[in-house]
Amino acid sequence: MKVLELHSITKEDGYIYYIHHYKAMAKIEFLVSHIEIPISFTVEMNPLGIRNVDLDPLPRNVDYPVIPLNKALKEFIDIMARDGKLPET
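This write-up is about the structure you can find in this document. (Residues numbered from 1 in each chain as written. Predicted model: local features only at pLDDT ≥ 70, side-chain atom pairs only at ≥ 80, totals over all residues. Heavy atoms only, no water.)

**A short note on a nonpolar patch on the surface**
Here is step 1: Among the surface-exposed residues, Tyr 15, Ile 16, Tyr 17, Tyr 18 and Met 45 lie close enough to one another that they form a single nonpolar patch of about 660 Å² accessible area.
Here is step 2: Locating Tyr 17 in the fold gives a position in the loop between strand E1 (2-12) and strand E2 (19-29).
Here is step 3: Using a relative accessible area of 71% as the deciding quantity, one classes Tyr 17 as exposed. (Patch = residues over 30% accessible without salt bridge, like charges linked within 9 Å, V, L, I, M, F, W, Y side chains within 5 Å. Areas by Shrake-Rupley, 256 points an atom, 1.4 Å probe, with all protein chains shown as cover. Salt bridge = Lys/Arg side-chain N within 4 Å of Asp/Glu carboxyl O. Helix = DSSP H or I, 4+ residues; strand = E, 2+ residues; numbered from the N terminus. Buried < 20%, exposed > 50% of the residue type's maximum accessible area, 1.4 Å probe, protein only.)

**Looking at the nonpolar core**
Here is step 1: One finds Ile 39, Phe 41, Leu 73 and Ile 77 to be the most contacted residues of the largest nonpolar core, which totals 22 residues.
Here is step 2: Of all elements in the fold, only E1, E2, strand E3 (34-45), strand E4 (51-55) and helix H1 (66-82) reach the threshold of two or more residues within this core.
Here is step 3: Counting residues per element, this core draws most heavily on H1, at 6 residues.
Here is step 4: Once residues within four sequence positions are removed from consideration, Leu 73 is found in contact with Val 3, Ala 26, Ile 39, Leu 55 and Leu 58. (Core = buried A, V, L, I, M, F, W, Y, C linked by side-chain atoms within 4.5 Å. Contact = heavy atoms within 4.5 Å.)

Dropping the structure here:
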């Protein structure tokens, strides 16, 4: 299993400047197939400068163990946030 990309990323309006809410489509590669699932997640920066990624529950139609999929998505989102590839507005 591998997360290939996140696309159609939109940022939702929020009132707390260090918490950002996003919605996106995740393209994931399983052994021989590719699927796209809608995801929503939150990126929060704590006072010590540590980034926290929180992923909302995944759709029920995903036929793959949820824990490794959540971990891979969080790591991919964290890398995108670190590299500045998430929308700011």
